[in-house]
Every structure is written in structure tokens, then in C-alpha cells.
Amino acid sequence: MTHERDECMNMTDMRIKKHPILSTQQTRKLITIYFDGKAVEAYEGEPISAALMSAGIRSFRKTRKRGEPRGVFCAIGRCTDCMMIVDGRPNVRTCITEARDGMKVETQIGRGEFKSP
Amino acid sequence: MKKLETDIAIVGAGPAGLSAAIHAAKSGARVTLIDENRLPGGQLFKQIHKFFGSKEHLAGIRGFDIGTQLLKEVEALGVDVMLGTLAFGVFGANSLGLVTDQRSYELTAKRIILAAGGQENYLAFAGSTLPGVMGAGAAQTIINISRVRPGKKAVMVGSGNVGLIVAYQLMQAGVEVAALIEAAPHIGGYGVHAAKISRAGVPIITSHTILSANGKDSLESVTITGVDCAFQPIAGTERQIECDTLCLAVGLNPMTELAWMAGCKFEYVALFGGHVPLHDENMKTSVDAFYVAGDICGVEEASTAMEEGHLAGIAAAESLGFIEKEKASRMKAEAREKLNMLRTGYFGQKRADFKKHMLESFACVCKENRT
């Protein structure tokens, strides 16, 4: 972890710490992704949406006409409500796209646009 | 577009697709299994509850353990598994368009088994698009696969088995469940699941529906209302429940796009979630090379999906000469027997009746085609 603690978004921690059936031991590598420029802790390979939700982030994009917020609805890549701009590419379904260290994830407005990463 | 070839292509690596792949590969056929996800298993890995039914149907085993078992078999049999690969279309009589890592392929297969599964139904009401409103299956994926809580306090809509089980699993994950509401006057799912959440103190409010989801940037509360016997809201019965998560467990519909593209004959069966491709007793559709198995031809359960997968895998391999007729008949009879057993009881019998009806419709359709 290289980022400053006070910059980190993970003030809200929604990760499951105790569970009667599932193991909550983490063997995955802890990485950092950036949500609208702010550092968010993530586990390598988990869906981007899961990392964002673990930090309490729920609004992923805004609609084109009315600017309404949208977040995760189906979580299996079908509904496209969770699309964001990822490393400069718009319309990326964050619920089925794996988090990688240093990834830049941005709130998408309307259809979004390509940016240089 | 690079061209690929195989004997039997299977779309969907859930319980139906994996089961089909196992039987097809055991027969000696070259099998290619395609799934859009990076991880196979379909929805099995988020099923942390024990399956019900009898021992032959793996009752008492948790869904994720069933998934692990199936995967091991598929790997041991040398099935070519293409993950992160989307089957985006049907070309010609027996080819699929595939895209993976931004490259596209044309896969020609002698037989194609469609086991694409189902997706959750949506429910329209004011504020239903607010972040925090999600499918019950979505919540289940987030808690049981990603091990993240989608919120702190949830309301569940729908008292079928999905609603009841996911409400309980939300509690296991540490999410408070404020209420479960159901539009019908009685609980839809099994009593044993309803009792579990009732005992844990979750009110199950029947004859109620959701009026609106409220909040600015994300969900803050929901307004529910009582409904009369015609499901119309009763004025004066509205009340507000604070919550940051609303889960919709209002059924699923079959993901039939590829079957439509292939030109399969369909019928609308409300009990099975919508339009379903018709098939014969071998799971073969009205289009020669195409077979179906699992939720795509009627939303049921993982256990029925596995048996339909077996049936489709055996039948497809038999049609190519990989299994001799007598042996195939024996194996298919066994799978059909298990399916009949699974489709018994109050819920099962209706499904058995409609599956029988679908077979009859299929026979009619094929007759019309011939004349």
C-alpha cells in the first residue's frame, strides 16, 4: 500500500468479517484502485464493483438525460447498470471486470467517452 | 474471424452445461464448453445452502460443493473450457460467433447445446433504478462470492424460495433484514425456509407490495402498501421502512437469445418464466443441431438443470454415434426417471405437467413442419 491513509476511501468497510459457513480468510493480494481519483483498497481479481461497494460506494454512473444515479443491479453482467469508465474505456461492466492494481475507475456520465488512460 | 471446430459445443458452464459436458466428453466426443464468466459454475458457487430433495439429487450438499465436484470431472475429462468468452450469435446451420479478449472466432460444431440459464425479473415502481435496489440474486452474488455486504439494512420483495433463502443468507452475512414483503396473501416458498427467517425475527408481510423506493443518490427508505385480492393498493395502508438495500426476488426468465437466432420454435409458458424453446424427450429443439438444457427451456432448479444437462449430453453424443443406441436408451431412461422424481409434490407436479405439455406442442410443431 503506497497511498496515504487519509486519501483512502475505505472509511466504510462493508467486507464480511464473520460468517457461519464461508471462510473470510483473505488469501488474495491487496491492491489499490482509483475511484474518481481517490484510492480504494481492493483484492486483486475481484469485480471492480465489489471493491467499490466494500468502500460504501454505490453510485457508479449518471444517466444521459436526467443525470440519475445508477449502481449494481444484477451483478452478473446482464443489466449494464454498473458501467463505468475503466482506464479510459467507457461502458465497462464493473460487476464482471476484475480489479487490477492501479486501475483508474471513473463515474460515467451518459454514454461516456474514450479517454487516454 | 478465426475458425474453430468441435463435435459438441455447449454454451453456459452452469449446472446444466457442466453436466452435459461430462456425459458428452465421457462418450469420447470432442467437447467445447463456453462461458462468458471468468469462473465456471454458473450460479452454483453462490448457493451456500444445502440442496433439498433426495440423496440421488445431491440433497444435503451445499451448492458450491456440487459446483466443485462437477468442475473436477469436467477437467479430468479434458473438456476444452473457454471462459471469459461470449457466444454472441448463431451463424448458418451450426456455427457460433464467439468473442474473447476482443478477438472473435467462428466455432462450428456438429451439435450445439444451449444452457445459457436465466436472468432475474425486474419490477417497476417509482425509484426502482436507485442504487441499492437490486436483484436478490445480485445480493447473493455480492455476499457469497465477493464477501461484501451490499448494504446495512435490507428489505426483500418476494417470498418464493429465492427471497426466503437470500434473506437468510443476508443475515448470515451480517446484514439486518427489516422485512420481507409478498403481494400474494400467502408465502410462496417452502415453509422450512420461511420459518428460519421468522424465528430470526424478520416480519414476513403478505398482501403487500412496494409503492416506491426513496432516496437521492442511493436508497434511503421504501414505501410499502397493502393490496386487495386484485393486487390493487389499499389507500391508507402505506408505510415507510428505512433501508439502504432493496432486493427483488420476483422470479427469473430464460435467456433465450441464441435459441431465437437459431430459429427454434417457442411457446409462452408463464410457469417457466416466459418464452421457452420447445424440445423433444431428448432435449433436441426444432432445429436439427440444437439442444437445450436447464433454465433456458424453463426456469426450475439446479437439480433439474443437471438432469436435463445429462439428458442433452447423452442424446447429442448418441446422435453423433459416440454412444450406441441401447446404452444411450438406458442412460436416458435413468435421467428421465430422476427428472420425474424431481418434478413431484405441490410445486413439482405443475412443472411436470407443463413439461409434458411442451413435449406435446413440440410433436405438433414438427408435424406441421413436415406437411
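Above this text you will find the structure in question.
None of the values given here were measured: they were computed from a predicted structure.

Parameters at a glance
- Residues numbered from 1 in each chain as written.
- Chains lettered and ligands numbered in written order.
- Predicted model: local features only at pLDDT ≥ 70, side-chain atom pairs only at ≥ 80, totals over all residues.
- Heavy atoms only, no water.
- Helix = DSSP H or I, 4+ residues; strand = E, 2+ residues; numbered from the N terminus.
- Buried < 20%, exposed > 50% of the residue type's maximum accessible area, 1.4 Å probe, protein only.
- Contact = heavy atoms within 4.5 Å.
- Rg over C-alpha atoms; globule rule 2.2 N^0.38 Å.
- Areas by Shrake-Rupley, 256 points an atom, 1.4 Å probe, with all protein chains shown as cover.
- Lys, Arg positive; Asp, Glu negative; His and termini not counted.
- Charge placed at Lys NZ, Arg CZ, Asp CG, Glu CD.
- Pairing = 2+ DSSP bridges.
- Buried area = accessible area lost by both parts, 1.4 Å probe.
- Salt bridge = Lys/Arg side-chain N within 4 Å of Asp/Glu carboxyl O.
- Polar contact = N/O pair within 3.5 Å; in protein donor to acceptor, adjacent residues only side chain to side chain.
- Phe/Tyr/Trp six-rings, centres within 6.5 Å; stacked < 30°, edge-to-face > 60°.
- Lys NZ or Arg CZ within 6 Å of the ring centre and 35° of its normal.
- 1 Å grid on protein atoms, 1.4 Å probe; cavity = no way out; pocket = protein on both sides within 12 Å on 5 of 7 lines; lining within 4 Å.
- Points joined across faces, edges and corners; volume = space filled by probe spheres on them.
- Nonpolar A, V, L, I, M, F, W, Y, C, P; charged D, E, K, R; others polar.
- Expected span 1.5 Å × (residues − 1).
- Axes fitted to C-alpha atoms, helices over the stretch in contact; angles between N-to-C directions.

Peer 1: Sorry if this is basic, but what is going on with the overall build of chain A here?
Peer 2: From N to C terminus, chain A includes 1 helix and 8 strands. Reading the helices (α) and strands (β) of chain A from amino to carboxyl end gives β-β-α-β-β-β-β-β-β. Expressed as a percentage of the 117 residues in chain A, the buried residues total 48%. Sequence-distant contacts in chain A: of pairs separated by 6 or more residues, those separated by 24 or more amount to 51%.

Peer 1: What should I look at first to understand the overall build of chain B in this one?
Peer 2: Tallying secondary structure elements over chain B gives 9 helices and 19 strands in all. A compact globule built from 371 residues would reach a C-alpha radius of gyration of about 21 Å, and chain B, at 21 Å, matches this within 12%. Seen along its three principal axes, the alpha-carbon backbone of chain B occupies a region of about 65 × 45 × 40 Å. Across the 371 residues that make up chain B, the buried fraction comes to 56%. Residue pairs in contact within chain B that sit at least 24 positions apart in sequence constitute 60% of those at least 6 positions apart. Just so you have it, chain B exposes about 15,700 Å², and 53% of that area is on carbon and sulfur atoms. For chain B, the distance from the average site of its 36 positive side-chain charges to the average site of its 38 negative ones is 4 Å.

Peer 1: Before we go on, may I ask you to explain the sheet that holds strand β4 (residues 69-70) of chain A in this structure?
Peer 2: Each strand in a sheet pairs with its neighbour through backbone hydrogen bonds, running either in the same direction (parallel) or in the opposite one (antiparallel). Residue and element names in this part refer to chain A. An order of β4-β3-β8 is seen for the 3 strands of this open sheet, with the pairing classed as mixed. Each edge of the sheet is formed by a strand with only one pairing partner; in this case those strands are β4 and β8 (108-109). Relative to β4, strand β3 (residues 61-62) runs antiparallel, the two being bridged by 2 bridges. Bridging across to β4, R61 finds its partner in R70.

Peer 1: Any chance you could explain the interface of chain B and chain A here in plain terms?
Peer 2: Across the contact, 39 residues belong to chain B and 33 residues belong to chain A. Overall, the association of chain B and chain A removes approximately 3,000 Å² of surface from exposure, summing both partners, and the carbon and sulfur fraction of that is 57%. Taken together, the connections running from chain B to chain A amount to 2 salt bridges. Residue B:E36 pairs with A:R93 through a salt bridge whose shortest N-O separation is 3.0 Å. At the surface where chain B touches chain A, the tally comes to 11 residue pairs in polar contact (both at pLDDT 80 or more). For the side of chain B that touches chain A, the secondary-structure elements that each account for two or more residues are β8 (133-135), α3 (136-144) and β15 (245-248) of chain B.

Peer 1: Help me out: how do you make sense of unusual backbone geometry in this one?
Peer 2: Residue and element names in this part refer to chain A. Notably, T80 is not glycine yet its phi reads approximately 65°, a positive angle. With respect to the element layout, T80 can be found in the loop between β4 and β5 (83-86). The phi torsion at N91 lies on the positive side, around 60°, for a residue other than glycine. Looking at the element boundaries, N91 is found in strand β6 (residues 89-93).

Peer 1: What's the story with the packing of aromatic side chains in this structure? I'm lost.
Peer 2: One pair of aromatic rings is described through two measures. These are the centre distance and the angle between the planes. Taken as a whole, this structure holds 4 aromatic pairs over all chains when the rule is applied. Summarising the aromatic geometry, the rings of A:F73 and B:Y122 are spaced 5.6 Å apart at their centres and angled 75° between planes, so their arrangement reads as edge-to-face. Of this pair, A:F73 sits in the loop between β4 and β5 while B:Y122 sits in the loop between β7 (118-120) and β8, on two different chains. Assessed through its relative accessible area of 10%, A:F73 is described here as buried. For B:Y122, a relative accessible area of 44% translates into the label partly exposed. Arranged with centres 6.0 Å apart and planes meeting at 75°, the rings of B:F88 and B:F91 form a pair that is edge-to-face. We classify B:F88 as partly exposed; its relative accessible area is 34%. Against the face of B:F272 rests B:K355, its NZ or CZ located 5.4 Å from the ring centre.

Peer 1: Explain empty space enclosed by the protein to me, please; I cannot follow it from the model alone.
Peer 2: The probe, sized like a water molecule, is rolled over the atoms to show the empty space still left. Enumeration over the complete set of coordinates arrives at 1 cavity of 30 Å³ or more. What the largest cavity holds in volume is close to 40 Å³. Every residue along the wall of the largest cavity is listed here: A:M53, A:R58, A:G71, A:V72, B:P131, B:G132 and B:M134. For the lining of the largest cavity, the per-class residue count stands at 4 nonpolar, 2 polar and 1 charged.

Peer 1: How do you make sense of helix α4 (residues 161-172) of chain B when you look at a structure like this?
Peer 2: In an α-helix, one full turn covers 3.6 residues, which means residues spaced three or four apart are oriented alike. Residues and elements named next belong to chain B. The terminal C-alpha atoms of α4, which comprises 12 residues, lie 16 Å apart, in line with the 16 Å expected from a rise of 1.5 Å per residue. Counting buried residues in α4 gives 9 out of 12 residues, a clear majority hidden from the surface. Those residues of α4 not exposed but buried are N161, G163, L164, I165, V166, A167, Q169, L170 and Q172. Directly beyond the C-terminal end of α4, a positive phi value near 95° is found at G174.

Peer 1: Whenever I open this one, the sheet that holds strand β12 (residues 208-214) of chain B confuses me. Can you help?
Peer 2: All names here are of chain B. Pairing within the open sheet is antiparallel, and its 3 strands lie in the order β12-β13-β14. With partners counted over all chains shown, the strands left at the sheet margins are β12 and β14 (239-242), one partner each. Strand-to-strand twist of the sheet, defined as the mean angle between neighbouring strand axes without regard to direction, takes the value 30°. Alignment of strand β13 (residues 221-226) against β14, held across 4 bridges, turns out to be antiparallel. Opposite T223, over in β14, you have Q240 as the bridge partner.

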